[in-house]
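Okay, here's what each chain looks like letter by letter:
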Amino acid sequence: MSAKKGLIHLIHNVGNIANREDAAERAILEAVEAIADVLRGLGHDVGLLPLTPPYSSAFHSLEALEPSHPVFNLFEGFPGDPESEVQVRLLLDRLGFAVTGCPAMAMHIGLHKAMAKRVLRGAGIPVPSGILVRRAEDIKAPPFPFPIFIKPAADDASHGIGAANVIRDQKSFVERGRELLGNHSLGLLAEPFLEGREFNCSVVEGRGSLKALPPSIVDYSMMPAGHPPVLTFEAKWAPDSEVYLKSPTVCPAPVEPALTKKIQDLALASAEAIGIRGYGRVDMREDAGGNLMVLEVNPNPDISPDAGMAKQARAAGWDFPRLMQEIVAAAGRQEGPWR
């Protein structure tokens, strides 16, 4: 056991476990104790603090903490309110805490996918075309050919992502678009569907700069007949489902070294453009010509011991405690306009 290094407040959310769409939140709860145990093994005392709505309750709980101790931030937002994740981070900053993970601005941009696309494009990073649809009456024929892919414009953890989101005609666009808009009031984003290989690459801050870990490739070769090659909500969060079992990630991605470096360089450039600090993940896909396109930049992705980031850290030679050490060490270094 290491010498005691002081207290860490570990904050997290409590989802409604009766709701299937809260599987992502349940996964966070399952990771909390594993991460707390590792932090204790590294010599820290750990105080667990679940945050529950309304905001006033969460704010009072945070205001009662001692700000001289850092916060390990596993809060993923209140159910049905993804922007609350950003609001809690803003409060932690106002209270003067050192906090693990990304600053509020990066979290806000990463959550709002159309905004993130504009930021990335402005930084010269290749992204697919896209249109933002806010109302059912605005579901017009897209300015790019079918097939297209649609997703909630401001949500995370693959909420709202299903096989039906790959759209091959206007009738399906209207039907699935209206269904999504009924559940996601901030609109949906429609993009050309890229049929090439899918990669993701995690980045971790170390000594003030970001390091790209070995990337993963998503293996869709075993997917059931007729199921499009996409990571649906079920494929990410339902371990007993066929699509989960048949869409594994392989890390390191078995590609030539030049492509590995290109993926890592693109991940770093994308993370810097969005303002990622602490840790993040960049998802990308190849178009029909084999050109990499960035799909999303994910602030504070899943860091549970069996998640993709931990797998990539192991491929880099880091065990899980080392990954936690790096994340905690970065918490006190955030400063400047992105905080």
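Our subject is the structure that appears above.
Residues numbered from 1 in each chain as written. Predicted model: local features only at pLDDT ≥ 70, side-chain atom pairs only at ≥ 80, totals over all residues. Heavy atoms only, no water.

(A) Examining the environment of R134 more closely. With respect to the helices and strands, R134 occurs in the loop between strand 4 (131–133) and strand 5 (148–152). Distance in space between the C-alpha atoms of R134 and S216 is 33 Å, their sequence separation being 82 residues. When neighbours within four sequence positions are excluded, R134 is seen to be in contact with L181, L186 and G187. (Helix = DSSP H or I, 4+ residues; strand = E, 2+ residues; numbered from the N terminus. Contact = heavy atoms within 4.5 Å.)

(B) Region of interest: the pairing of strand 13 (residues 292–299). Burial within strand 13 is extensive, with 7 of its 8 residues counted as buried. With 7 bridges joining them, strand 12 (residues 279–286) and strand 13 adopt antiparallel strand pairing. Across the sheet, the residue bridging to M284 is V294, located in strand 13. (Buried < 20%, exposed > 50% of the residue type's maximum accessible area, 1.4 Å probe, protein only. Pairing = 2+ DSSP bridges.)

(C) Spotlight on unusual backbone geometry. With an omega dihedral of 5°, the bond running from P53 to P54 counts as a cis peptide bond. Its place among the elements puts P54 in the loop between strand 2 (44–51) and helix 2 (55–63). Cis peptide bonds are those with omega within 30 degrees of zero, and the linkage from F146 to P147 qualifies with 5°. Along the chain, P147 falls in the loop between strand 4 and strand 5. Backbone geometry places N300, a non-glycine residue, at a positive phi of 50°. Tracing the backbone through its elements, the reader meets N300 in the loop between strand 13 and helix 10 (308–315). Classification of N300 as buried rests on a relative accessible area of 4%.

(D) Up close: the sheet that holds strand 4. Strands sit in the order 4-7-5-6 across an open sheet of 4 strands; the sheet is antiparallel. Two strands in the sheet have a free side with no partner beyond their single neighbour: strand 4 and strand 6 (166–167). Pairing of strand 4 with strand 7 (residues 188–192) involves 3 bridges; the strand directions are antiparallel. Among the inter-strand pairings, L132 is bridged to a residue of strand 7, identified as L189. In the packing of helix 5 (residues 113–122) onto the sheet, contacts are made with strand 4, strand 5 and strand 7, and the angle to strand 7 comes to roughly 45°. (Axes fitted to C-alpha atoms, helices over the stretch in contact; angles between N-to-C directions.)

(E) Quick look at the sheet that holds strand 1 (residues 6–13). One open sheet accounts for 3 strands, arranged 2-1-3; its pairing is parallel. Only two strands of the sheet have a single neighbouring strand rather than two, namely strand 2 and strand 3 (71–74). Going across the sheet, the axis of each strand differs from the next one's by a mean of 20°, ignoring polarity. On the sheet, helix 2 packs against strand 1 and strand 2 and is oriented at approximately 160° with respect to strand 2.

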